[in-house]
Structures are given as structure tokens and as C-alpha cells.
Amino acid sequence: MKNSYDRSRANVPVHSLSSYEMGSDDVNVVCTYGKISVWFGRQTPDVVVGQTLIAISKVDKSAVYETELICDFDSITNYESNGYVLVSYAKADNGYRAMFNVPFHSNKALFHLAENIIEELKTDDANLDIYWNGDDSDITKLSDEFRKIKGWSIKEIIYKE
């Protein structure tokens, strides 16, 4: 007997995906092999920021967001205590330039990332490039998760030739 996921895939063409774009007026997500690009507009509700990050985490816990921050040395430890993984740091003119990975397997790191995005949205749009190991079936699963977010729809699907 087929489950609902099998039935939903029955209508999916057998061509490989090149990119898959969906979202709402406030959020845009483009999925490709290797990367998920997310744009959050300034009007994005806080709950949607969280739902977007959680949806990605449900599909691929190995997904990672890389970020570079300029901060004082004590802040590096604070980010680490919130689940960020320090990749490198170097002394800069106004503090330290620190590179972090935000692992999507860590709820603590995702919560902290969501807080940072919400804070950024008070003054500007936010863009994230999230690296993952997704393939066609993962993109389909991610699409299913995103459809659960109120107001989201498919914007464009591009298949490989």
C-alpha cells in the first residue's frame, strides 16, 4: 500500500531538478543541489523565520549555515555556547573576525540563528546561503514541509535539460 508521500511523488516528473523556488511575499527560498538560498524580507513574521529553519532541519540535519562576524573575544565564547561551531578567528581592527558554522542538527544553534535573523530584520532584509546534501527527493520533502507554512506556494521549478 502506498503512503501519502508515495502518492504525492506519483505526479512528479522523472526529470532531475535544477532549482526549486517557493515562498511567500515575505520569504523566498531557492533550493539546488548543495545550497538553499533564503531571503527574508523585513516584514517576515518571527514565527515564519523559525518555521523555515525548522523545516530545513527536519529534512537535512547535516545542513550548515556559514557566517562571519566581527565581535569581541568574549562574544566568540558566547556564540559557541549557543551551538555555533567556531571555524576560525583572527584579530581585526575592531575586534575579532570569527567564522562560524551553524549546524542544523542543533536546536540551540537554530534558535540563536533565528534570534539573530529577527534582530537583523528590524533594520534590513536577511539573506542566508545554507549548504546541504539535498537531492531531488530531499527537495520534494522540503517542499512538503514548506507547504505547511501559511501563505507559501511554489514560485518556479526548473528541470535539467
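## Considering the packing of helix α2 (residues 46-59) against helix α4 (residues 107-120)
Line of reasoning, step 1. At a minimum axis distance of 10 Å, the contact between α2 and α4 shows a crossing angle of 145 degrees. Considering the relative orientation of α2 and α4, their crossing is right-handed. Counted together, Asp46, Val49, Leu53 and Ser57 of α2 and Leu110, Leu113, Ala114, Ile117 and Ile118 of α4 form the full contact between these two elements.
Line of reasoning, step 2. Across the contact of α2 with α4, the residue classes tally to seven nonpolar, one polar and one charged.

## Remarks on helix α3 (residues 73-81)
Line of reasoning, step 1. Of the residues that open α3, the one with a side-chain oxygen 3.2 Å from the backbone nitrogen of Asp74 is Asp72.
Line of reasoning, step 2. Just beyond α3, the residue with positive phi is Gly83, at close to 95 degrees.

## Section: the packing of aromatic side chains
Line of reasoning, step 1. Tallied over the entire structure, the rule returns seven aromatic pairs.
Line of reasoning, step 2. Centre to centre, the rings of Tyr79 and Tyr84 are 5.3 Å apart; their planes meet at 45 degrees, and the pair counts as tilted.
Line of reasoning, step 3. In this structure Tyr79 comes out as buried when scored by relative accessible area, which is 16%.
Line of reasoning, step 4. Overall, the relative accessible area of 4% leaves Tyr84 in the buried class.
Line of reasoning, step 5. Where Phe146 meets Trp152, the ring centres are 4.7 Å apart and the plane angle is 35 degrees; that geometry is what we call tilted.
Line of reasoning, step 6. Feature note: the residues Phe73, Tyr89 and Tyr96 constitute an aromatic cluster, connected by ring pairs.
Line of reasoning, step 7. Stacked on the ring of Tyr96, the Lys or Arg Lys91 has its end atom at 5.0 Å from the ring centre.

The rules behind each value
Residues numbered from 1 in each chain as written. Predicted model: local features only at pLDDT ≥ 70, side-chain atom pairs only at ≥ 80, totals over all residues. Heavy atoms only, no water. Axes fitted to C-alpha atoms, helices over the stretch in contact; angles between N-to-C directions. Helix = DSSP H or I, 4+ residues; strand = E, 2+ residues; numbered from the N terminus. Left-handed = near helix turned anticlockwise from the far one by under 90°. Contact = heavy atoms within 4.5 Å. Nonpolar A, V, L, I, M, F, W, Y, C, P; charged D, E, K, R; others polar. Polar contact = N/O pair within 3.5 Å; in protein donor to acceptor, adjacent residues only side chain to side chain. Phe/Tyr/Trp six-rings, centres within 6.5 Å; stacked < 30°, edge-to-face > 60°. Buried < 20%, exposed > 50% of the residue type's maximum accessible area, 1.4 Å probe, protein only. Lys NZ or Arg CZ within 6 Å of the ring centre and 35° of its normal.

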